[in-house]
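Next come the chains, spelled out residue by residue.
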Amino acid sequence: MMLRMLKQILHTGLATEAYADEEASVGLRGELVIEAQGCDGCGNCALNCPTGALEAKRKRLKWERKKCLFCGLCVTQCQRCLSQTQNVALAELGLRLEGEAGILLRKRISNVLGRSLHVRHLDAGSCNACDFEMSALGSPIYDLQQYGIDFVASPRHADLLMVTGVVTKNLLEAIKMTYEATPEPRLVMAVGACACSGKVFPKGYAVVGALDDVLPVDIYVPGCPPSPSALLQGLFMLLGKF
Ligand code: SF4
Ligand code: SF4
């Protein structure tokens with residue numbers, strides 16, 4: 001039995017992907033590139049954007065990363081002004097970690113945390129696709145533990161909350177309680193366009209909105225859902241690794 005397993009392992013070889021901070025696997029829909037010089041102001045790209053991430057005004061395009069699903073619909077409408085790379089670097093820092101003060105704060109946080117980071121996943125009302133991508137981080141392909149990062153079962157043991165989904169009214173109290181239960185310096189990551197902007201689901205009887213409507217967010221990783229590589233890049237950006 002053992003011999004068979006050993007043979008199988010040798011036959012499979014190394015499954016873990018090396019972290020690449022620029023080009024990811026072929027077919028991944030990444031960063032949007034805007035070449036506004038070619039824009040004739042038709043606005044088709046913005047009209048077809050499901051979340052209002054693109055705004056076309058007087059031959060100028062405005063793009064909001066946090067709202068973007070990276071679906072590529074706008075690119076199919078206009079390849080003159082828009083293209084999409086396979087770059088997985090989609091993350092954006094929150095207000096308190098931006099600029100000079102943010103760099104100092106991140107250094108202080110990284111001194112407190114040392115070489116490890118404990119993560120608690122919190123579902124605020126997701127469709128679960130973001131959660132599946134996040135759980136793939138623990139697979140041999142991404143092997144999150146090799147970077148000293150691991151998921152924990154309780155917010156009391158966590159340094160970072162990774163929150164998926166739009167904030168729903170049913171879970172609002174649980175979100176606030178989980179945040180309060182997490183020890184300082186508690187960090188918060190908004191995972192996916194729902195948590196980043198709340199734009200996938202319009203406001204309604206069950207929806208509160210984006211995560212930063214209720215908690216301070218330190219890093220946003222947009223996408224619907226973001227790939228495990230994009231989540232890794234967000235974690236490294238937060239920790240100042242790589
Ligand atoms: S990729 Fe999709 S969500 Fe993003 S701007 Fe284009 S159409 Fe909108
Ligand atoms: S961002 Fe997309 S994949 Fe993630 S929870 Fe929202 S709808 Fe689902």
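Description of the structure in this document.

## Some thoughts on the pattern of salt bridges
Tallied over the entire structure, the rule returns 8 salt bridges. Between Lys-67 and Glu-64 there is a salt bridge, and its shortest N-O distance comes to 3.1 Å. According to the relative accessible area criterion, Lys-67 is buried, its value standing at 16%. As a salt-bridge pair, Arg-65 and Glu-92 come within 3.6 Å of each other at their nearest N and O atoms. Of the two residues, Arg-65 sits in the loop between β3 (60–63) and α3 (73–77) while Glu-92 sits in strand β5 (residues 92–93), which places them 27 residues apart along the sequence. A residue is classified by how much of its surface remains accessible, and Glu-92, at 25% relative accessible area, is partly exposed. Shared partners join several salt bridges into a network, and the residues in it are Glu-31, Arg-65, Lys-66 and Glu-92.

## A word on the site of ligand 2
By nearness alone, every residue bordering ligand 2 is listed as Ser-126, Cys-127, Ala-129, Cys-130, Gly-192, Ala-193, Cys-194, Val-200, Gly-223, Cys-224 and Pro-225. Counting only elements with at least two residues in the shell around ligand 2, the list comes to α5 (129–135) and α7 (192–197). Top contributing element to the shell around ligand 2 by residue count: α7, with 3 residues.

## What about the packing of aromatic side chains?
This model, assessed by the stated rule, comprises 2 aromatic pairs. Taking the centre distance of 6.0 Å and the plane angle of 90° together, the rings of Trp-63 and Phe-70 count as edge-to-face. The residues Trp-63 and Phe-70 share a single accessibility class, namely buried. Here the aromatic rings of Tyr-147 and Phe-236 are separated by 4.8 Å at their centres, their planes lie at 70°, and the arrangement is edge-to-face. Highlighted residues: Tyr-147 in the loop between α5 and β7 (149–151) and Phe-236 in helix α8 (residues 228–239), separated in sequence by 89 residues. Comparing Tyr-147 with Phe-236, the two get one shared label, buried. Its end group placed over the ring of Tyr-220, Lys-66 keeps NZ or CZ at 4.1 Å from the ring centre. Of note, Arg-186 hangs over the ring of Tyr-179, and the distance from its end group to the ring centre comes to 4.3 Å.

How each quantity is defined
- Residues numbered from 1 in each chain as written.
- Chains lettered and ligands numbered in written order.
- Predicted model: local features only at pLDDT ≥ 70, side-chain atom pairs only at ≥ 80, totals over all residues.
- Heavy atoms only, no water.
- Salt bridge = Lys/Arg side-chain N within 4 Å of Asp/Glu carboxyl O.
- Buried < 20%, exposed > 50% of the residue type's maximum accessible area, 1.4 Å probe, protein only.
- Helix = DSSP H or I, 4+ residues; strand = E, 2+ residues; numbered from the N terminus.
- Near = heavy atom within 4 Å.
- Phe/Tyr/Trp six-rings, centres within 6.5 Å; stacked < 30°, edge-to-face > 60°.
- Lys NZ or Arg CZ within 6 Å of the ring centre and 35° of its normal.

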